[in-house]
Amino acid sequence: MSTTTDPTTTGGQMPGTPVAESARGRRVLKAVVRYGLPPALSFAAAIGLWYCVSYLILSPERRFLLPPPHEVLTNSLLDPDHVGPMIDALWVTAKVSFVGFLFAALIGVTIGVVMSRGSFLERAIYPWAVVLQVIPVLAIVPLIGLWFGYGMVARTIVCVIIAIFPIIANTHFGMVSVDKGAHELFTLTKASTAQRLAKLEFPSALPSMMTGFRTASGLVVVGAIIGDMFFAKGEPGIGTLLDIYRARLQSDDLIAAIVLASVFGIVVFGIFSVLNAFVNRRR
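Calculation criteria
Residues numbered from 1 in each chain as written. Predicted model: local features only at pLDDT ≥ 70, side-chain atom pairs only at ≥ 80, totals over all residues. Heavy atoms only, no water. Phe/Tyr/Trp six-rings, centres within 6.5 Å; stacked < 30°, edge-to-face > 60°. Helix = DSSP H or I, 4+ residues; strand = E, 2+ residues; numbered from the N terminus. Buried < 20%, exposed > 50% of the residue type's maximum accessible area, 1.4 Å probe, protein only. Expected span 1.5 Å × (residues − 1). Bend = angle between axes of the 7 residues up to and from the residue. Salt bridge = Lys/Arg side-chain N within 4 Å of Asp/Glu carboxyl O. Contact = heavy atoms within 4.5 Å. Axes fitted to C-alpha atoms, helices over the stretch in contact; angles between N-to-C directions. Left-handed = near helix turned anticlockwise from the far one by under 90°. Nonpolar A, V, L, I, M, F, W, Y, C, P; charged D, E, K, R; others polar. pLDDT = per-residue confidence, 0-100. Arc of directions from axis to C-beta. Core = buried A, V, L, I, M, F, W, Y, C linked by side-chain atoms within 4.5 Å.

Asker: Run through the packing of aromatic side chains, naming residues and quoting values.
Answerer: Taken as a whole and judged by the stated rule, the model has five aromatic pairs. Ring centres of Tyr51 and Tyr55 lie 6.2 Å apart, and the angle between their planes is 10°; this geometry places the pair in the stacked category. A residue pair is termed a helical-turn pair when its members lie 3 or 4 positions apart in one helix, as Tyr51 and Tyr55 do in helix α2 (residues 18–57) at four residues. Residue classification places Tyr55 among the partly exposed residues on the basis of a relative accessible area of 36%. Taken together, the ring pairs connect Phe101, Phe213 and Phe272 into an aromatic cluster.

Pasting the structure below:
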C-alpha cells in the first residue's frame, strides 16, 4: 500500500507552483544582493570620489587634469571619432596578448615539466625563472628593442617575460604534488613516460596549471600595454595611444583608453577564472 505526501502539509512546494517560484525568486534576489551589491556600492563610491576631486579639489583651470566622469563619457567613450581609434588599438593589443600568452603557456609548461623531472634540474633552472620574475622589465626594454626590433616580436617577448613565471611555478608545483601511490601504480603497470605524463601527471596538475594560467592572463595584458608604449613600430596598440594622449594632455581620451584597457583585462581574467572553476568542478 503506497501513500502520497501532500507538499502543502510537509512544508515542501511542487515545482512550478507560485510558492516555489516565489522561493526561487527570493534565492535569486539574495544572490544578486550578496554578490552584486558590494561591487556596485564600491563603484558608486569611486564615482562619487571622482566627482569630488574634479569639482571640489581641482579649480576650473586645472579640471582638465581629471575631468568628471560624464565628460569622459560624452567627449570620448560615446564619440565615434574618439573611441574608434581606441577600439582598433585595443584589438592590436588583444592580438599581442593572445600570441604572448600562447608562447608563455607553451614555454612555461615545458619548463615546469622539465623542472619536475629531478631535483638537479629544479635547482639548475628555478633561479633563472626567479630572475625573469624579479628583473625590472623596463630596464631591459632597450635591449629587447636593439636585439629584436620594435615591432610585434619585441612586444610578444615582453608579454612572455612578464607572464611566464606563474605558469612555471604552478606547473612545477602541480607535477611534483602528484600522489606517490598513483606513481607506484603506474610503475607496476610498466607505463611509459609519455603515458605517465598524459594519464597521470597532466590531469593531476591541471588545477594548479589553470591557476597559473589565470594569473598569467592578467599579467600578459600588462605586458602587451608596456610593449605598445615602448615599441611603437607597426600598428599602434592601446598603450601607444595612452602615451600619445599623455603627451598631448588629452585627459578625456587618456582616461577613456585606461577604462577600455581595464575592461579588457578584467574580461580576460574573468574568462580564465570561469575556466579554472570549471576544471575544479570536473575533478
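Asker: Can you lay out helix α5 (residues 119–134) for me, pointing to particular residues and giving the numbers?
Answerer: Its 16 residues place the ends of α5 22 Å apart at the C-alpha level, agreeing with the 22 Å of an ideal helix rising 1.5 Å per residue. At Ile125, α5 shows its maximal kink, close to 30°; a proline, Pro127, follows between one and four residues later.

Asker: Quick rundown of unusual backbone geometry? Include the residues and the values.
Answerer: Phi at Leu249 is positive, roughly 60°, even though this residue is not glycine. When you line up the elements, Leu249 lands in the loop between α10 (238–248) and α11 (251–282).

Asker: Could you give an account of the pattern of salt bridges, naming the residues involved and the relevant values?
Answerer: Taken as a whole and judged by the stated rule, the model has four salt bridges. For Lys95, the salt bridge goes to Glu235, with nearest N and O atoms at 3.8 Å. Of this pair, Lys95 sits in helix α4 (residues 80–115) while Glu235 sits in the loop between α9 (193–230) and α10, and the two are 140 residues apart along the sequence. A relative accessible area of 32% places Lys95 in the partly exposed class. Arg155 is the partner of Asp228 in a salt bridge, and the nearest nitrogen-oxygen pair spans 3.0 Å.

Asker: Run through the side chain of Ser116, naming residues and quoting values.
Answerer: Note on placement: Ser116 falls in the loop between α4 and α5. Once you skip the residues sitting within four places of it in the chain, Ser116 turns out to touch His172, Met175 and Val176.

Asker: Now, about the packing of α5 against helix α7 (residues 152–176): what can you tell me, with residues and values included?
Answerer: One way to put it is that α5 packs onto α7 with a least axis distance of 8 Å and a crossing angle of 145°. Between α5 and α7 the crossing geometry is left-handed. Along the contact surface, α5 presents Glu122, Tyr126, Ala129, Val130, Leu132 and Gln133, while α7 presents Ile161, Ile164, Phe165, Ile168 and His172. The residue makeup of the contact of α5 with α7, split by class, is eight nonpolar, two polar and one charged.

Asker: Break down the confidence of the model for the protein chain for me, citing the residues and quoting the values.
Answerer: Across the protein chain, pLDDT averages 85, with 92% of residues at or above 70. Ranking the helices and strands of the protein chain by mean pLDDT puts α4 first, with 92, and helix α1 (residues 7–10) last, with 47. Taken together, the stretch residues 7–11 has pLDDT below 50 and engages in four contacts with residues farther than four places along the chain or on a different chain.

Asker: Tell me what's going on with the environment of Pro236, and back it up with residues and numbers.
Answerer: Structurally, Pro236 can be placed in the loop between α9 and α10. C-alpha of Pro236 to C-alpha of Gly151: the two residues are 85 residues apart in sequence and 9.8 Å apart in space. Those residues in contact with Pro236 that lie beyond four places of it in its chain are Ala89 and Val92.

Asker: So what's going on with helix α3 (residues 69–77)? Residues and values would help.
Answerer: Every buried residue belonging to α3 is among Pro69, Val72 and Ser76, and all of these are buried. Along the axis of α3, the buried positions cluster into a sector of 65°, meaning they face one direction only.

Asker: Give me the nonpolar core: which residues, what numbers.
Answerer: Counting 46 residues, the largest nonpolar core has Met86, Phe101, Ile167, Phe213 and Ile238 as its most contacted members. Of all the secondary-structure elements, those providing two or more residues to this core are α4, α7, α9, α10 and α11. At 12 residues, α4 tops the list of elements feeding residues into this core. Leaving out residues up to four positions away in the same chain, Ile238 has contacts with Met86, Ala89, Leu90, Thr93, Ile225, Asp228, Ala257 and Ala261.

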